[in-house]
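Breakdown of the fold
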Amino acid sequence: FIGLTLILIASLMAACGPKAPDEKPTIKFADSQFESLWINNAIAQYILEEGYDYPTETIITTTPIAQVSLVSGDMDVWMEVWQQNFPENYEEMLASGNFENVGDAYEGGPQFYVIPQYTHEELGINTIFDMKDKWEYFKDPEDPSKGAFYNCTIGWQCEVVNAVKMEGYGITDTYNIISPGTGGAMIATLSAAQKKKEHVFGYYWSPTALMGMYDWYVLEEPAYDKAVWDKVGAAQEDESLRPIDEACAYENLPVDIGIHAALRDTAPDAVAMLEKYTAGVQPINVTAAWSQENEVQDYKLAAVFYLRNYEDRWKTWVTADAYDKIKAALALEP
């Protein structure tokens, strides 16, 4: 009887004790649904799965929910934190002590308003203010009494930022703001216009396949000014301040990698890799263009493309053992 009791106690201790050394936690990646993030997520996940033996998963989210989830620990990694779009919330995230910025996914991520290059040349449009009187060339198919400005996707912070900016520029007097439901719909609208040689006006950013595949003209805006940007930010939080009477260009800041702080304890080697990770704007542009041209649906393929073509970059992020494992895994890929 005593022997049986001891066996039961030992079994319970084993069940309730710490994880075995080879049992690693699942690392949860935020997926706020846009192309460059899909690529960066896939690259980081491939490295962590094949090189470091971590299981990973992606969680589809929106920008505001991702902000909360990184602080609460419901998500572990956000590979593209565009802090310039939510500066006050970003500072609050840092102040919580539960969120860390571990470095840049790539150098400055520019955001801007575009028209096709042929539209710029044909209509002589140079600045955002030139758009006001040219609305008839950009008619909203659902409301031909106004032009159409194609905003970023519903649920992204830039959806609200752009709405405030368009009001500040006086664009909403003659344009409707149309926010697509998905990143794919956003790409489809702008690329379809280019293919048909039609006029189109919208928001976009880099690095993206769309910027590499077609010839765009970036509209001139007033230069970034912190005081003006603070007005834009305040109007996002308090609708009674809208419409504001001025706006300015986005600040071109590096795009950061954010983690839930506890990841340092649960996956220190993963954090060490992420601290060295820097994918680069041009390599992501090239990878995104390749993905579009090959109609990639599974972004693991994009990760394989990147890892095969930019080994000189990622080799510096990983340990020697992880490098050997990743190379072996790549050799088995189609």
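Our subject is the structure listed above.
Everything quoted here is computed from the prediction, not taken from an experiment.

**Quick look at the overall build of the chain**
Along the chain, the regular secondary structure elements total 15 helices and 11 strands. In terms of its C-alpha atoms, the chain occupies a principal-axis envelope of roughly 90 × 50 × 35 Å. Residues classed as buried in the chain amount to 51% of the 334 residues present. Across the chain, the fraction of contacts at a sequence separation of at least 24, relative to all contacts at a separation of at least 6, is 75%.

**A word on the packing of helix 6 (residues 157-168) against helix 9 (residues 226-237)**
At a closest axis distance of 9 Å, the pairing of helix 6 and helix 9 adopts a crossing angle of 115 degrees. In terms of their interaxial angle, helix 6 and helix 9 are classed as roughly perpendicular. Seen from above, helix 6 lies across helix 9 with right-handed handedness. Residues Gln 157, Val 160, Val 161, Val 164 and Lys 165 of helix 6 form the contact with helix 9, whose own contacting residues are Trp 229, Val 232, Ala 235 and Gln 236. Among the residues making up the contact of helix 6 with helix 9, the classes are represented as six nonpolar, two polar and one charged.

**Here we look at the state of the cysteines**
Enumeration over the complete set of coordinates arrives at one disulfide. Here Cys 152 connects covalently by a disulfide to Cys 158, the sulfurs 2.2 Å from one another. Note on the Cys 152 and Cys 158 pair: the S-S dihedral is about 135 degrees, so by sign convention the disulfide is right-handed. With a relative accessible area of 0%, Cys 152 lands in the buried category. Cysteine Cys 248 shares no disulfide, and the gap to the nearest cysteine sulfur, in Cys 158, comes to 15 Å.

**Details of the packing of aromatic side chains**
Evaluated as defined, the whole model comprises 23 aromatic pairs. Where Phe 149 meets Phe 201, the ring centres are 4.9 Å apart and the plane angle is 55 degrees; that geometry is what we call tilted. Residue Phe 149 is located in strand 7 (residues 143-150), and its partner Phe 201 is located in the loop between helix 7 (183-196) and strand 9 (202-205); the two are separated by 52 residues in the primary sequence. Neither Phe 149 nor Phe 201 differs from the other in exposure class; each is buried. Looking at Lys 24, its charged tip hangs above the ring of Tyr 54, at a distance of 4.3 Å from the centre. The ring of Tyr 323 has Lys 315 sitting right over it, with the charged end atom 4.8 Å from the ring centre.

**Describing the pattern of salt bridges**
This model, assessed by the stated rule, comprises 12 salt bridges. Between Glu 246 and Lys 231 there is a salt bridge whose closest N-O contact spans 3.0 Å. Of this pair, Glu 246 sits in the loop between helix 9 and strand 11 (255-260) while Lys 231 sits in helix 9; the two residues are 15 residues apart in sequence, bridging distant segments of the chain. Taking relative accessible area as the criterion, Glu 246 reaches 34% and is therefore assigned partly exposed. Note that Glu 311 and Lys 327 form a salt bridge whose closest N and O atoms lie 2.9 Å from each other. Here Glu 311, found in helix 14 (residues 311-314), pairs with Lys 327, found in helix 15 (residues 320-332); they are 16 residues apart in sequence, far enough to count as distant. For Lys 327, a relative accessible area of 35% puts it in the partly exposed group. If you follow the salt bridges from partner to partner, you end up with Asp 53, Asp 321 and Lys 325 in one network.

Parameters at a glance
- Residues numbered from 1 in each chain as written.
- Predicted model: local features only at pLDDT ≥ 70, side-chain atom pairs only at ≥ 80, totals over all residues.
- Heavy atoms only, no water.
- Helix = DSSP H or I, 4+ residues; strand = E, 2+ residues; numbered from the N terminus.
- Buried < 20%, exposed > 50% of the residue type's maximum accessible area, 1.4 Å probe, protein only.
- Contact = heavy atoms within 4.5 Å.
- Axes fitted to C-alpha atoms, helices over the stretch in contact; angles between N-to-C directions.
- Parallel < 35°, antiparallel > 145°, perpendicular 65-115°, else oblique.
- Left-handed = near helix turned anticlockwise from the far one by under 90°.
- Nonpolar A, V, L, I, M, F, W, Y, C, P; charged D, E, K, R; others polar.
- Disulfide = S-S within 2.5 Å.
- Phe/Tyr/Trp six-rings, centres within 6.5 Å; stacked < 30°, edge-to-face > 60°.
- Lys NZ or Arg CZ within 6 Å of the ring centre and 35° of its normal.
- Salt bridge = Lys/Arg side-chain N within 4 Å of Asp/Glu carboxyl O.

Coordinates in, geometry out; function isn't part of it.
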